[in-house]
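Observations on the model geometry
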Amino acid sequence: MTKVKKEKTGEEETGGTEKSYQELLANINPIANPLASRKLSKKLYKCVKKAAKFKQIRRGVKEVQKFINKGETGIVIFAGDTLPIEVYCHIPIMCEDRNLPYAYVPSKVDLGLSAGSKRPTCVIMINPHDEYKEAYDECLEDVTSLPKPI
């Protein structure tokens, strides 16, 4: 009466729930423009992870909105699959008024995980810091080079 170990399949090892970039694009909002490419999304997630270590992020609509109004600078990252759109549709306009760079990434779940949270997050603002200046500057350059919505 010994226990038999089950062999793990490839799907179980990776979690099985991870979606590809193309699958995530199917759930994007119509206002998600400028949308970060797959490569830029990974850079942004890494930058958020580094900023979260030093507590240099603002997470959530209420907090991001408050600090934009106070005049704080940084990169604003939106999740493109947030519904209803009315939750955060006013923040891109606030960013444009204050010349803050912003971009959309396809998944709120991935955005929340990169910030060290178990819950999905629809808006994050990364503040500049000396410890991750290279990654921040690279992301800033890439986000500002994205075409602005009309």
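Here the structure is a predicted model, which is why all the values come from computation and not from measurement. (Residues numbered from 1 in each chain as written. Predicted model: local features only at pLDDT ≥ 70, side-chain atom pairs only at ≥ 80, totals over all residues. Heavy atoms only, no water.)

1. Comments concerning the pairing of strand S2 (residues 75–79)
The following threshold applies: Three exposure classes are used, based on accessible area relative to the maximum for each residue type with a 1.4 Å probe and protein chains only: buried under 20%, partly exposed in between, and exposed over 50%. The way it works is that DSSP assigns letters per residue, a run of H or I at least four long becomes a helix, a run of E at least two long becomes a strand, and they are numbered from the N terminus. Any two strands are treated as partners once DSSP identifies two or more bridges connecting them. Looking down the strands as they point away from you, a crossover is right-handed if its path from the first strand over the helix to the second goes clockwise.
Burial within S2 is extensive, with five of its five residues counted as buried. As judged from the four bridges shared by S2 and strand S4 (residues 123–126), these two strands associate in the antiparallel manner. Across the sheet, residue Ile75 finds its bridge partner in S4, namely Ile126. Two strands pair when backbone bridges link them, and S2 and strand S3 (residues 102–105) are joined in this way by four bridges, in the parallel orientation. Of the residues in S3, the one forming a bridge with Ala79 is Val105. With respect to chirality, the unit in which S2 leads through helix H5 (residues 91–97) into the neighbouring parallel S3 is right-handed.

2. Considering the packing of aromatic side chains
Note the following rule: Any Phe, Tyr or Trp ring, taking Trp's six-membered ring, that has another such ring centre within 6.5 Å forms a pair; planes under 30 degrees apart are called stacked, those over 60 apart edge-to-face, and the others tilted. Comment: the charge-over-ring label is applied if NZ (Lys) or CZ (Arg) is within 6 Å of the ring centre and within 35 degrees of the ring normal.
Counted by the stated rule, this structure contains six aromatic pairs. Considering the side-chain rings of Tyr102 and Tyr104, the 6.3 Å spacing of their centres and the 80° angle between planes classify their relative orientation as edge-to-face. The same class applies to Tyr102 and to Tyr104, which are both buried. Within the aromatic cluster, the residues linked to one another by ring pairs are Phe78, Tyr88, Tyr102 and Tyr104. Above the ring of Phe67, the side-chain terminus of Arg58 is found at 3.8 Å from the ring centroid. Lying across the ring of Tyr102, Lys148 places its NZ or CZ 5.1 Å from the centre.

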